[in-house]
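Spelled out from the first residue to the last, the chains are:
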Amino acid sequence: MYSDILTMCWSIKEVNKNLSDREPLMDYTVRYLKNACSRLGEMLIHIDSQSPGEEISVRDRGGRERRFSLKEIAKMLLDAKKVIEFNLIDNIESWARSKA
């Protein structure tokens, strides 16, 4: 499951990085990012059901470290502002890499 999470994080980062190159497909790209974040959230909820109490440590824009449960992170993935504010994709990727 962790390798799937790593793959999903990589995919989200690549699509986001190339977003400016895909002007004609922008609606499709944004839809893909929303669906990918939703699917990533589902994976985190699945892991949470197997390992309750698991948390991911993230740094906010102010540099403060905060810990969130996997369920909280899954909900934040549905809010683009939270994804950016907490740099969620990179933090999820680091967490999954440490577990794999």
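Residues numbered from 1 in each chain as written. Predicted model: local features only at pLDDT ≥ 70, side-chain atom pairs only at ≥ 80, totals over all residues. Heavy atoms only, no water.

### Let's talk about helix H5 (residues 88–99)
Line of reasoning, step 1. The end-to-end C-alpha distance of H5, which contains twelve residues, comes to 16 Å, matching closely the 16 Å that a straight helix rising 1.5 Å per residue would cover.
Line of reasoning, step 2. Among the residues of H5, Leu88, Ile89, Asn91, Ile92, Glu93, Trp95 and Ala96 are the ones counted as buried. (Helix = DSSP H or I, 4+ residues; strand = E, 2+ residues; numbered from the N terminus. Expected span 1.5 Å × (residues − 1). Buried < 20%, exposed > 50% of the residue type's maximum accessible area, 1.4 Å probe, protein only.)

### Focus on the nonpolar core
Line of reasoning, step 1. With 27 residues, the main nonpolar core has Ile5, Leu40, Ile73, Leu77, Leu88 and Ile92 as its most contacted residues.
Line of reasoning, step 2. Among the elements of the structure, helix H1 (2–17), helix H2 (26–50), strand S1 (55–59), helix H3 (70–76) and H5 are those that each provide at least two residues to this core.
Line of reasoning, step 3. For this core, the element with the most residues is H2, which contributes seven residues.
Line of reasoning, step 4. Sequence-distant contacts of Leu40, defined by excluding residues within four places in its chain, comprise Ile5, Met8, Cys9, Ile12, Leu77, Ile89 and Ile92. (Core = buried A, V, L, I, M, F, W, Y, C linked by side-chain atoms within 4.5 Å. Contact = heavy atoms within 4.5 Å.)

### Structural notes on unusual backbone geometry
Line of reasoning, step 1. Within the chain, Asn87 stands out as a residue other than glycine whose phi angle is a positive 50 degrees.
Line of reasoning, step 2. With respect to the helices, strands and loops of the structure, Asn87 is situated in the loop between helix H4 (80–85) and H5.
Line of reasoning, step 3. Overall, Asn87 belongs to the partly exposed group, its relative accessible area being 39%.

### Re the side chain of Asn91
Line of reasoning, step 1. In this fold, Asn91 is placed in helix H5.
Line of reasoning, step 2. Look at Asn91 and you get buried, because its relative accessible area is 17%.
Line of reasoning, step 3. A polar atom in the side chain of Asn91 sits 2.9 Å from the backbone oxygen of Asn87.
Line of reasoning, step 4. Non-local contacts of Asn91, meaning those with residues more than four positions away in its chain, are made with Ile56, Ser57, Val58, Arg59 and Phe86. (Polar contact = N/O pair within 3.5 Å; in protein donor to acceptor, adjacent residues only side chain to side chain.)

### A closer look at the packing of aromatic side chains
Line of reasoning, step 1. This model, assessed by the stated rule, comprises two aromatic pairs.
Line of reasoning, step 2. Ring geometry for Tyr2 and Trp95: centres 5.5 Å apart, planes at 70 degrees, overall edge-to-face. Of this pair, Tyr2 sits in helix H1 while Trp95 sits in helix H5, and the two are 93 residues apart along the sequence.
Line of reasoning, step 3. Taking the centre distance of 5.3 Å and the plane angle of 70 degrees together, the rings of Phe68 and Phe86 count as edge-to-face. You can see Phe68 sitting in strand S2 (residues 65–69) and its partner Phe86 sitting in the loop between H4 and H5, a full 18 residues away along the chain. Residue Phe68 shares its accessibility class with Phe86, and that shared class is buried. (Phe/Tyr/Trp six-rings, centres within 6.5 Å; stacked < 30°, edge-to-face > 60°.)

Geometric values such as these leave the question of function open.
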